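Listed below, chain by chain, are the residues.
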2 protein chains.
Amino acid sequence: MLLTRFTDLSLRVLMYLSKSDPDRVPAVTIAEIATQFDVPHNHLIKVVNRMAKLGWVETTRGRKGGLRIAPHAGELRLGSVVKELEGRDELIDCAGVECALTGNCLLKGVLDKGLAALYAEMDKYTLADVVANRTGTSIIKLHKHWMDTHPTAH
Amino acid sequence: MLLTRFTDLSLRVLMYLSKSDPDRVPAVTIAEIATQFDVPHNHLIKVVNRMAKLGWVETTRGRKGGLRIAPHAGELRLGSVVKELEGRDELIDCAGVECALTGNCLLKGVLDKGLAALYAEMDKYTLADVVANRTGTSIIKLHKHWMDTHPTAH
């Protein structure tokens, strides 16, 4: 019962961008995030495109272009974010499985309630909550390290 | 965030055996469950071995051998069952992933709380609860159909 890699990467992009100065020059790029988190550039392109469509990340083109977090993204509820990114709302793909109990399965109802409880618990927290304190400090250090070690990018 | 195939199959085996007459001759076999649910025999061997070790399923060898549910398995709490079968207690494999935030990540705490809420919700229900009513009727029909269509096995 792991989150998809897509969700995992999305959450890290949201957290990283949340602690970036939106007026930073140069702006954060996909290449930067790929390096910082040691994740594949191609995966991140899909992740960023999706989050741009969802209105959580803003992208600008051109030499000074890049990524920044949308103004109100800090208020995003984490349960809703994960639910949206996972793209399915069930713990077993009953429709895709040949099962003799489909349509008559009380287990499915219990699994659905369990998943709803997970999202409800995570909805108690916002994106801003998880980039506070020591997490926020860590991310700010990553940004600082990047700017210090990429002076030619200025 | 799907349950593993292993957990899925395990739950179906538990449900199927819960509605079998423990004195049925011949006893339920892995081959029978594989046919009833259209799932691979080899996967089921691993599933049944694991559940026998956990004391949830009893196996007997020999010509009259087979599988039956353990006497008190109906009292198993579904959250605990799924937690045991999934074999991990986290939504992101933080230890197996190279992440610049490991050790300083408030998101991990929120994910852990979400997963705990899922298990707590599912622990409100027992195995007996999900093989009651229409689900139980469906499973009993499966058993009856099997016995009717496999007379040579008697």
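Higher on the page you've got the structure.
Owing to the predicted nature of the structure, the values given are computational and were not obtained by experimental measurement.

Help me understand the overall build of chain A, please; the structure alone is not making it clear to me.
From N to C terminus, chain A includes seven helices and two strands. Reading chain A from its N end, one meets helices and strands in the order α-α-α-β-β-α-α-α-α. Pairs at least 24 residues apart make up 71% of the contacts formed inside chain A by residues separated by at least 6 positions. Total accessible area on chain A stands at roughly 7,700 Å², and carbon and sulfur atoms take up 53% of it. Of the charged side chains in chain A, 20 are positive and 18 negative; the average position of the first set lies 5 Å away from that of the second.

Even after reading the chapter, I still don't get the side chain of Ser138(A), so can you show me in this structure?
Tracing the sequence through the fold places Ser138(A) in helix H7 (residues 133-149). Given the relative accessible area of 12%, Ser138(A) is considered buried. Those residues in contact with Ser138(A) that lie beyond four places of it in its chain are Leu101(B) and Asn104(B).

Looking at this structure, how should I read the interface of chain A and chain B?
Frequently, the measure chosen for interface size is the accessible area that the parts lose on association. If you look at the interface, chain A gives 49 residues, while chain B gives 49 residues. Between chain A and chain B the total buried area reaches about 4,500 Å² when both faces are included, carbon and sulfur atoms providing 72% of it. Our count for the contact surface shared by chain A and chain B stands at zero salt bridges. Here chain A is connected to chain B by twelve residue pairs in polar contact (both at pLDDT 80 or more). For the side of chain A that touches chain B, the secondary-structure elements that each account for two or more residues are helix H1 (5-18), helix H2 (30-37), helix H4 (78-86), helix H5 (106-122), helix H6 (127-130) and H7 of chain A. Counted by class, the side of chain A that touches chain B contains 29 nonpolar, eight polar and twelve charged residues.

Conventions used here
In every chain, residue numbers begin from 1 and rise along the written sequence. Chains and ligands are labelled by the order in which they are written, letters from A for the one and numbers from 1 for the other. It should be noted that, the model being predicted, local features are given only for residues of pLDDT at least 70 and side-chain atom pairs only at 80 or more, the latter also being counted only at that level, while totals for whole chains, interfaces and linings use all residues. Values reported for side chains reflect all heavy atoms of the structure, with hydrogen atoms and water molecules removed beforehand. Put simply, DSSP H or I for four residues or longer makes a helix, DSSP E for two residues or longer makes a strand, and each gets a number counted from the N terminus. The contact criterion used is simple: two residues touch if any of their non-hydrogen atoms lie within 4.5 Å. Method for areas: the Shrake-Rupley scheme with a 1.4 Å probe, in which residue coverage is limited to the protein chains shown. When charges are counted, Lys and Arg are positive and Asp and Glu negative, with His and the chain ends excluded. Throughout, a charge is located at the NZ atom of Lys, the CZ atom of Arg, the CG atom of Asp or the CD atom of Glu. Remark: exposure states derive from per-residue accessible area (1.4 Å probe, protein chains only) relative to the maximum for the residue type, with buried under 20%, exposed over 50%, and partly exposed in between. When two parts are put together, the accessible area they lose, computed with a 1.4 Å probe and summed over both, is reported as buried area. Only one rule defines a salt bridge in this text: a Lys or Arg side-chain nitrogen within 4 Å of an Asp or Glu carboxyl oxygen. Identification of polar contacts relies on pairs of N or O atoms within 3.5 Å, with a donor-acceptor requirement for protein atoms, meaning one able to donate a hydrogen and the other able to accept it, and with residues adjacent in sequence counted only if both atoms are side-chain atoms. Residue polarity is assigned by list, with Asp, Glu, Lys and Arg as charged and Ala, Val, Leu, Ile, Met, Phe, Trp, Tyr, Cys and Pro as nonpolar; anything else, Gly included, falls into the polar class.

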